[in-house]
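Tertiary structure, described
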Amino acid sequence: LDANTTLSLDEKPNIVVASPDSALLLAEQGLIDLSHIKICYLDEAEKLFQENRFAGLQELWGKISAQLIVQSSYYKNKHVEMANRLDPNLRPVF
């Protein structure tokens, strides 16, 4: 999915599986409403918590009010620090 891809949906989805950047593109195309997101699940978060991918995650997080669930095969202090950059009020549970 990129900015040149045009999609159409017959119904509004209940579940969307997308990268942060793809979710933002879907919202820009009017296919999903980010204000309805209740849970944001980040799988393989260690990949998203890298500087070159973090901007899209920050932009998405700034547009939603949701419970954040972060899944990773391992956690480093850097990952917790990056999560706190999203929202200083986040309290990780391991």
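Above: the structure in question.
Residues numbered from 1 in each chain as written. Predicted model: local features only at pLDDT ≥ 70, side-chain atom pairs only at ≥ 80, totals over all residues. Heavy atoms only, no water.

If you tally the helices and strands in the protein chain, you get four helices and two strands. The C-alpha atoms of the protein chain give a radius of gyration of 14 Å, which matches the 12 Å a tight globule of 94 residues would have. For the protein chain, buried positions account for 31% of its 94 residues. Across the protein chain, the centroid of the 9 positively charged side chains sits 6 Å from that of the 13 negatively charged ones. (Helix = DSSP H or I, 4+ residues; strand = E, 2+ residues; numbered from the N terminus. Rg over C-alpha atoms; globule rule 2.2 N^0.38 Å. Buried < 20%, exposed > 50% of the residue type's maximum accessible area, 1.4 Å probe, protein only. Lys, Arg positive; Asp, Glu negative; His and termini not counted. Charge placed at Lys NZ, Arg CZ, Asp CG, Glu CD.)

Running from N to C, helix H1 (residues 20-28) and helix H3 (residues 51-63) point in directions that differ by 50 degrees, and their axes come no closer than 8 Å. Accordingly, the angle class assigned to the pair H1 and H3 is oblique. When the axes of H1 and H3 are compared, the crossing they make is left-handed. Contacts from Pro20, Asp21, Ala23 and Leu24 in H1 reach Gly56, Leu57, Glu59, Leu60 and Lys63 in H3. Grouping the amino acids of the contact of H1 with H3 by side-chain chemistry returns five nonpolar, one polar and three charged. (Axes fitted to C-alpha atoms, helices over the stretch in contact; angles between N-to-C directions. Parallel < 35°, antiparallel > 145°, perpendicular 65-115°, else oblique. Left-handed = near helix turned anticlockwise from the far one by under 90°. Contact = heavy atoms within 4.5 Å. Nonpolar A, V, L, I, M, F, W, Y, C, P; charged D, E, K, R; others polar.)

By size, the foremost hydrophobic cluster in this structure holds 22 residues, and its most contacted members are Phe49 and Leu86. If you list the elements that add at least two residues to this core, you get H1, strand E1 (39-42), helix H2 (45-48), H3 and helix H4 (77-86). Here this core gets four residues from one element, more than from any other, and that element is H3. Among all residues touching Phe49, those that are not within four sequence positions of it are Phe54, Leu57, Val70, Lys78, His79, Met82, Ala83 and Leu86. (Core = buried A, V, L, I, M, F, W, Y, C linked by side-chain atoms within 4.5 Å.)

Our focus in this paragraph is the pattern of salt bridges. The tally for this structure, following the rule as stated, stands at three salt bridges. Note that Glu51 is salt-bridged to Arg85, the shortest N-O span being 2.8 Å. Of this pair, Glu51 sits in helix H3 while Arg85 is found in helix H4, placing the two residues 34 residues apart along the sequence. Looking at Glu51, the relative accessible area reads 52%, which means it is exposed. Lys63 serves as the salt-bridge partner of Glu59, at 3.6 Å between the closest nitrogen and oxygen. One end of the pair is Glu59 and the other is Lys63, both in helix H3 and four residues apart, which spans about a single turn. (Salt bridge = Lys/Arg side-chain N within 4 Å of Asp/Glu carboxyl O.)

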